[in-house]
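The residues making up each chain are set out below.
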Amino acid sequence: MTETPDQTPRGHLLIIDDEEEILKALNRQFRRQYTVHVAHSADEGYRLMAELPVDVIISDQRMPGMTGAEFFKKVKGEFPDAIRLLLTGYADIEAVIAAINDGNVFRYITKPWDPVELETIVAQAFERYDLIVQNRALMRELQEANTRLERRVTERTAELEDANERLVQLNELKNEFMGIAAHDMRTPLTVIKGIASMLLVRQNIPPEMREEYMQMILDSVQDMLNLLNDLLSISEIESGKLTLRPQEVEPDAYVKRVAQLNRPLAENKDIQIVTDLAPDLPHMRFDPERVQQVFNNLLSNAFKFSNPRTTVTIRAVQGDDDTVVFSVIDQGQGIPASEVDQIFEAFQRSSTRATAGESSTGLGLAICRRIVELAGGKIAVESELGKGSRFYFTLPYAPEQVGEAAPGE
């Protein structure tokens, strides 16, 4: 039996007693403060607890079939949060004390009770119930937070392990590269030193021989400058200092100028450089100096790995998603399929050898990739051994923004 209170209830109170007058008296006393449920026996009270959210129970000790202490012992395991108050006479004090010691009863109330004292005890019971519920909620939140923290620690530990492994790999690659760089620097320096020493010793060198020696010195110096430029570029990238300065560019004229600037290098190997430009290419916005650095690297590689009397083509066509696709196509030796996926990584060198013994730092394509990605584009390669390669990259017409290289990227 449930009585509806006259105002919003603060909690649910179950009263169990086999005497109707006691039920009515307690119901009148508490119905304005709580939602009151009444039962005439322990069995009826148990059924109500299975159906209703009971916070506090007041039960008589002496009832037919099951005493109040026995009832509380029964419900303690199933409804541990419900606060239990035992209503009893002085003759049952020993049983009540035993129930209290067992933890089955929060307080006991002797008959006849003092209404003010009873209100205080019931209020304390509801406060204890609220505290238990709040503590349980806090414990649940703490456990969930601890679970999230443990999961995050696990994830972060895995990330740190991956990062550490990557740093170890990069350190090994850099150490390997420094050895290669030192070797590459030593070779042109040795050439320069040898020629300079010879020029000092030999006074009567024919003009044509002197001119050839001077050209060898210039070529050696250029090799060292190329290496130093690549080192500076990769240093800018890894320190996060690589920035782009975009401006309006007319791609048709720009590509033709790139071809013209690289034509002497092509002619040195008897390679023809041509352009293949789609009509009506849109005006674009990008950093012309950095994009020319990309073209210079791609064209230098194309010349380096191509034989004389072949052709290198610079192509520009409109792509998808408001982009222009720029390609550098050669008729050279191609790249082994097993090396294509790593070709744009720093410090990587293809097993394919330059046709005239030209040197390579292993940094050019990594620099190209970072510049293109920073400009909002993508770079890739298609290659077939013995037939040549096509390196191509996309650039948006007018990127909304260009970024700075993040440190370590």
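The written sequence of each chain sets the order in which its residues are numbered from 1. Selection of residues for local features in this predicted model requires a pLDDT of at least 70, selection of side-chain atom pairs for listing and counting requires 80 or more, and totals for whole chains, interfaces and linings are taken over all residues. Side-chain metrics in this entry use all non-hydrogen atoms of the structure; hydrogen atoms and water are not considered.

1. Quick notes on the overall build of the protein
In step 1: In DSSP terms, a helix is any run of H or I states spanning at least four residues, a strand is any run of E spanning at least two, and both are numbered starting from the N terminus. Scanning the protein from N- to C-terminus turns up nine helices and 13 strands.
In step 2: Each residue is assigned to one of three classes by its accessible area relative to the maximum for its type, calculated with a 1.4 Å probe on protein chains only: buried under 20%, partly exposed between the two thresholds, exposed over 50%. The burial tally for the protein puts 41% of its 409 residues in the buried class.
In step 3: Only heavy atoms enter the contact rule, under which two residues are in contact if any of them lie within 4.5 Å. Within the protein, counting contacts between residues at least 6 apart in sequence, those at least 24 apart form 70% of the total.
In step 4: For every accessible area listed, the method is Shrake-Rupley and the probe measures 1.4 Å; residues are considered covered only by the protein chains on display. Counting every atom, the protein has about 23,200 Å² of accessible surface; 51% of that belongs to carbon and sulfur.

2. Topic: the pairing of strand 10 (residues 311-318)
In step 1: Pairing between strands is defined by DSSP: at least two bridges between the two strands are required. As judged from the six bridges shared by strand 8 (residues 272-277) and strand 10, these two strands associate in the parallel manner. Directly across from I273, in strand 10, lies its bridge partner V312.
In step 2: Both strand 10 and strand 11 (residues 323-329) contribute to a ladder of six bridges, which runs antiparallel. From the neighbouring strand, I314 faces strand 11, where its bridge partner is V328.
In step 3: Linking strand 10 to strand 11, which pair antiparallel, is a turn of four residues; within it D321 sits at a positive phi near 60°.

3. So, helix 9 (residues 364-374)
Turn by turn, an α-helix covers 3.6 residues, leaving residues three or four places apart pointing in a common direction.
In step 1: The element helix 9 is largely enclosed, with a buried count of nine among its 11 residues.
In step 2: Turning to helix 9, its buried residues are G364, L365, A366, I367, C368, R370, I371, V372 and L374.
In step 3: Downstream of helix 9 by a residue or two, G376 has a phi angle that is positive, lying close to 90°.

4. Some words on the sheet that holds strand 12 (residues 379-384)
In step 1: Pairing in this open sheet of five strands is mixed, and the strands run 8-10-11-13-12 from one edge to the other. The two strands at the open ends of the sheet, each matched to only one other strand, are strand 8 and strand 12. In this sheet, neighbouring strand axes are inclined to one another by 15° on average, regardless of whether the strands run parallel or antiparallel.
In step 2: The strands touched by helix 7 (residues 251-267) are strand 8, strand 10 and strand 11; relative to strand 8, the strand with the most contacts, the crossing angle is about 170°. All axes here are fitted lines through C-alpha atoms, helices being fitted over the stretch that makes contact, and every angle between N-to-C directions spans 0 to 180 degrees.

5. Digging into the environment of A380
In step 1: Looking at the element boundaries, A380 is found in strand 12.
In step 2: The partly exposed category is assigned to A380, whose relative accessible area is 22%.
In step 3: Setting aside chain neighbours within four positions, we find A380 in contact with F344, R390, F391 and Y392.

6. So, the side chain of T394
In step 1: Locating T394 in the fold gives a position in strand 13 (residues 388-396).
In step 2: When neighbours within four sequence positions are excluded, T394 is seen to be in contact with T323, V324, V325, V372, G377 and K378.

7. Some thoughts on the pattern of salt bridges
In step 1: Throughout this description, the term salt bridge denotes a Lys or Arg side-chain nitrogen within 4 Å of a carboxyl oxygen of Asp or Glu. A full pass over the atoms with the stated rule returns 11 salt bridges.
In step 2: The partner of E155 in a salt bridge is R152, with the nearest N and O atoms 3.7 Å apart. Of this pair, E155 and R152 both sit in helix 5 (residues 115-201), three residues apart, roughly one helical turn.
In step 3: You can call E155 partly exposed: its relative accessible area is 38%.
In step 4: When its relative accessible area of 42% is taken as the criterion, R152 is described as partly exposed.

8. As for the packing of aromatic side chains
In step 1: Only centres within 6.5 Å qualify two rings of Phe, Tyr or Trp (six-membered ring in Trp) as a pair; their planes then separate them into stacked at under 30 degrees, edge-to-face at over 60, and tilted for everything else. Per the stated rule, a full pass over the model turns up 10 aromatic pairs.
In step 2: Ring geometry for F71 against F72: centres 5.8 Å apart, planes inclined by 45°, an arrangement best described as tilted. Across the pair, exposure class does not vary: F71 and F72 are buried alike.
In step 3: Plain terms: the ring middles of Y254 and F286 are 5.3 Å apart, the flat faces sit at 75° to each other, and that makes the pair edge-to-face. Of this pair, Y254 sits in helix 7 while F286 sits in strand 9 (residues 284-286), placing them 32 residues apart in sequence. Residues Y254 and F286 agree in their burial class; the two are buried.
In step 4: Here the aromatic residues Y254, F286, F295, F326 and F393 are joined through ring pairs into a cluster of three or more.
In step 5: When the NZ atom of lysine or the CZ atom of arginine is within 6 Å of a ring's centre and also within 35 degrees of its normal, the charge is said to sit over that ring. The ring of Y46 is capped by K74, whose NZ or CZ atom sits 4.2 Å from the centre of that ring.
In step 6: It is R390 that lies over the ring of Y392; its NZ or CZ is 4.0 Å from the centre.

9. A closer look at the nonpolar core
In step 1: Here, the term nonpolar core denotes a set of buried Ala, Val, Leu, Ile, Met, Phe, Trp, Tyr and Cys residues that are joined through side-chain atoms within 4.5 Å. Core analysis: the largest hydrophobic core is formed by 45 residues, its most contacted members being F295, L298, L299, I314, F326, F393 and L395.
In step 2: Among the elements that take part in this core, helix 8 (residues 288-304) stands out by supplying seven residues, more than any other.
In step 3: Counting residues in hydrophobic clusters, the runner-up holds 22 residues, among them L23, L26, I58 and L118.

10. Observations concerning helix 2 (residues 42-51)
In step 1: For helix 2, the set of buried residues is A42, E44, G45, L48 and M49. Buried residues of helix 2, viewed axially, fall in a sector of 155°; they line one side. Helix 2 presents A50 and E51 as exposed residues on the side facing more than 90 degrees away from its buried surface.
In step 2: Among the structural elements, strand 2 (12-16), strand 3 (35-39), strand 4 (56-60) and helix 3 (68-78) are those in contact with the buried residues of helix 2. The directions considered for the arc are those from the helix axis to the C-beta atoms.

Everything listed is a geometric property; what it means functionally is a separate question.
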